[in-house]
Amino acid sequence: MVRELMKDPLSIIVIGVAGQGNVVTSFLICNALVNEGYRVTFGQSYPAQQRGGPVINYIRISEDIQASPIIPEGRADVIVAMEPVEAMRMLNQYGNPDVITMVNPRPIQAIDTTGLGIKYPSVDKLMKDITALSAKTWVVNATEEAQKLGNPIMANVILVGALVGSGILPLDRKVMEPVLRERFPKALDVNMEALDKGIELVKQ
Amino acid sequence: MPDIDINSPNKTLMLMGNEAIARGALEAGVGFIASYPGTPASEILPTLAEVAKRRNIYAEWSINEMVALMNAVAAATAGIRSMASTKQNGTNVAMDFIATLMSNGLRGGAGLVLVNADDPGRRNSPNEQDTRSVAKMLDIPMLEPGDFQEAKDMTRWLFELSEELGCLVMLRTVAKISHTRGNVTLGELPSREQTAHFDLVPKIPPVNPVDLHARALEKLDRAKEMFETSPFNHYIGPDIPELLIISCGASVLHAMEAVRILGLQDQIGVLKIGTIWPLPEKLVEKYLKKTQQVLFVEEVDPFVERSVMELTAGLGPSGPRPIFYGKRSGHIPSCGELTPDDAISAIAKIMGITYQSRDPEYTEKVRTASQEGVILRPGTLCPGCPHRASYWALHRALKLDGREGFATADNGCMSAGYGPSGYFVAKIGGAMGGGVGLADGFGKLKRFGFAQPVIGGVGDSTFYHAGIPALLNAVWNQSDFTLVIYDNSATAMTGFQPHPGIGMTAMGEQGKIIAIEDICNAFGIRVEVCDPFELEKTTETILDVMRDEGHGPRVIIMRHECELQRARRESTPYEVFIDPDKCLGESCGCDRLCVRVFRCPGLKWNEITGKSEIDEVICCGCGLCVDICPQGAIEKKVMVTEEKVQEETPQW
């Protein structure tokens, strides 16, 4: 094990809208943690193979406990949100005064937000509220940076990089490389580039 | 992740519960496995199919779950350790065969395991069902894993149990084990050559048919004896607990967490039952004697709760008489997926303590912020989904026809037909093949004055699974309706497994392709094939076929590949954009047709410009919306195919 956990079990939520690829974010992190000798539970709540709905990943990390696949209400230590409304949704259910939030500010509309009845909330106000409700907030422009790399889906690996770079997890670039190699045997370079971009974004 | 068949005993991997089950089967030397796709059981078979050739295993996606189990029984009887895997609905499909099988028992041969994955909360299912009751009804020895390690270890041991008892045995899991990942330490892989042979004289001698049930019950008694000392049941807690929690499955993890969070490890003990049927009564009695209060933490039915109450009643007045808390007392919810919070609130209530998950001031602040900051995000068909095109055409055809026509729906992605992304065209359905059988029934009601056109609906995989007998019935009895078969060339909702229309088998070999139109043509009925992306033509075809009444059912096959499957191979076909000069926005008479009615998630409304836009992050470039804009403001540009940067691992 690289170093001690901030807390045991450490409870992390990785949330995205179906199609954003947050399951891959969690998958990469959890695999690296198991390789490092931690006990990990990676639970999910999601709709079937369809789009639009929120996909919640619950990650529990411990030195010795196989924790529940669901984080109890108000007990997330870290919330990683690929979308700002989803960050707020998770803070409402799992947030607390000590929570660390990492958020990609790029909004994704819901199919109901046609400007007639339901309106997508103001992103500025959302980001202000998220910051006020978190002990520490990292704003990571993951989608924007992923588009620069050629594909918005890479936002998921950029967020892995941001998590690794932030020091929240007992992981570093070196232990992520073999995990990325296994997951993306044919596209390692561009995914490593995304990982490095994420690390760089939180260092700024 | 390394390959599931690495022979590295004691190595620890992160495995999904379903992968752990597959690994357990490998460690037991499984030789034959058959299944039909169904979430949350879907990954068990593909995990084995991927390594099948080099492990000398036969793995098959069967046409339905009953056929899958029949296949596995044949192989087991011929001496090959065999397994079938299903979700709860699949077990129902196979039920008649399971009942006969439990009555007859096995003739001898090798072990036979049926894995059933239940879906508490029915996230991916048409119903919520607790299949543990099947064990009780049909006398099936059943285990349920409490974590990922047990999912593997139990599967491996179940083959031995089946051979010892000479009957089918079951592993029951829930979504939060099957679809959750955690640490699994590997065991050894056997190197066993298996030869199949059917012994004409059965190893287990037959009994008089009158005695069959008695023999099945004897097997259950033997299982109970073995379960009394099973390592899959264990107790953690003080010698004399103030409160005893009895739990099984994923609920064990929630219960343990609740005790830890409340800091009551010195007062509360947890008896975890892995051998859920038959109940190890002596073991349970031993722990009941140590406490005055018992709480049952289990999902869906009060299965263990009732078994333990029954046991206590049978022990009489001199036996243990604790107070029971659980579903009956209202401490634990009777439906839906349990959470650690359910266990926490039950324990807090019994122990008379107050639990606060967080600072109430924070709760107040976050609730206020969420009132404005959180919107509902209903699920929808994916961008580029061919069902959106089919439903759009169907929606228009039914409106143009104007006789209050309606559609039925079947299982799978096309169940979106009930909701806004299917334009509410589907009104009724249920179970595999229900979209055909129900339409068949409506098609016979003319004699009662029924004058509405009926459009039956079924997906391609479901048509093969259960739609064919219903269509056959409709042709025979000349039922008057139109059947639409939504052929997206995949069993999409469960993860893109192949089916007979594709011809590829689970092991990646070319099987025989059985085209849907060939089957329908054999019935001698009218069959049309459309690409739903040709919206105009498809709408006209629907109108024409639905009005071709009076001579039995006719079929329209709407054929267009699932976008998610296509996107695994190739990049975006078009770049789609909206010309802001042509989009008239709020002043157009269309009343936001594209975002309000058509509702592809790739289209969004820009509040500032008051016009529609493409969300380039979501849009998959299918180009379907180009044809719906009355102003022709949505345009597409052909793209050069590019290599994908995050290739997906094929799941089958």
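All of these numbers come straight from a predicted model, not from anything done at the bench.

1. Here's the deal with the sheet that holds strand 2 (residues 39-45) of chain A
Line of reasoning, step 1. Overall, mixed pairing links the 8 strands, which are arranged 6(A)-5(A)-4(A)-1(A)-3(A)-2(A)-8(B)-1(B) in an open sheet. Looking at strand neighbours, the two that pair on one side only are strand 6 (136-139) of chain A together with strand 1 (12-16) of chain B, the edges of this open sheet. Mean inter-strand twist for the sheet, computed between neighbouring axes without regard to direction, equals 20°.

2. Topic: unusual backbone geometry
Residue and element names in this part refer to chain B.
Line of reasoning, step 1. Of note, the bond from threonine 39 into proline 40 is cis; its omega dihedral lies within 30 degrees of zero at 15°.
Line of reasoning, step 2. For proline 40, the location among the structural elements is in the loop between strand 2 (32-35) and helix 2 (44-55).
Line of reasoning, step 3. For the bond from tryptophan 277 to proline 278, the omega torsion is -5°, close enough to zero to count as cis.
Line of reasoning, step 4. You can see proline 278 is positioned in the loop between strand 11 (268-272) and helix 10 (281-288).
Line of reasoning, step 5. Residue asparagine 10 is not a glycine yet carries a positive backbone phi of 75°.
Line of reasoning, step 6. By the element assignment, asparagine 10 lies in the segment before strand 1.
Line of reasoning, step 7. Look at phenylalanine 424: it is not a glycine, yet its phi comes out positive at around 55°.
Line of reasoning, step 8. Mapping phenylalanine 424 onto the fold places it in the loop between strand 14 (406-409) and strand 15 (426-429).

3. What about the interface of chain B and chain A?
Line of reasoning, step 1. The interface is formed by 71 residues belonging to chain B together with 82 residues belonging to chain A.
Line of reasoning, step 2. For the pair chain B and chain A, the summed buried area comes to about 6700 Å², and 55% of that belongs to carbon and sulfur atoms.
Line of reasoning, step 3. Put simply, chain B and chain A have 6 salt bridges between them.
Line of reasoning, step 4. Here B:Glu257 and A:Arg60 are joined by a salt bridge, their closest N and O atoms 2.6 Å apart.
Line of reasoning, step 5. Along the contact surface separating chain B from chain A lie 23 residue pairs in polar contact (both at pLDDT 80 or more).
Line of reasoning, step 6. Among the elements of the structure, strand 1, strand 8 (181-185), helix 9 (251-262), helix 12 (340-351), helix 13 (360-373), helix 20 (593-598) and strand 21 (603-606) of chain B are those that each provide at least two residues to the side of chain B that touches chain A.
Line of reasoning, step 7. By residue number, the principal contributor to the side of chain B that touches chain A is helix 13 of chain B, which donates 8 residues.
Line of reasoning, step 8. Grouping the constituent residues of the side of chain B that touches chain A by class yields 32 nonpolar, 17 polar and 22 charged.

Conventions adopted
Within any chain, residue numbers begin from 1 and follow the written order of that chain's sequence. Lettering for chains starts from A, numbering for ligands starts from 1, and both go in the order in which the items are written. Thresholds applied to this predicted model are a pLDDT of at least 70 for local features of residues and 80 or more for the giving and counting of side-chain atom pairs; totals over whole chains, interfaces and linings are not thresholded and use all residues. Here the side-chain values reflect all heavy atoms present in the structure, with hydrogen atoms and water set aside. Strands qualify as paired when DSSP identifies two bridges or more between them. In this text, helices come from DSSP runs of H or I with a minimum length of four residues, and strands from runs of E with a minimum of two, each type numbered from the N-terminal end. Axis lines are fitted through C-alpha atoms, for helices just across the contact stretch, and the angle between N-to-C directions can take any value from 0 to 180 degrees. The contact definition used throughout considers only heavy atoms, calling two residues in contact when any of these lie within 4.5 Å. Buried area counts how much accessible surface, traced with a 1.4 Å probe, disappears from two parts once they are put together, with both parts' losses summed. By definition, a salt bridge exists where a carboxyl oxygen of Asp or Glu is found within 4 Å of a side-chain nitrogen of Lys or Arg. Any N or O atom pair separated by 3.5 Å or less is treated as a polar contact, with the protein-specific requirement of one donor-capable and one acceptor-capable atom, and with residues adjacent in sequence counted only for side-chain atom pairs. Residue polarity follows a fixed list, in which Ala, Val, Leu, Ile, Met, Phe, Trp, Tyr, Cys and Pro are nonpolar, Asp, Glu, Lys and Arg are charged, and the others, Gly among them, are polar.

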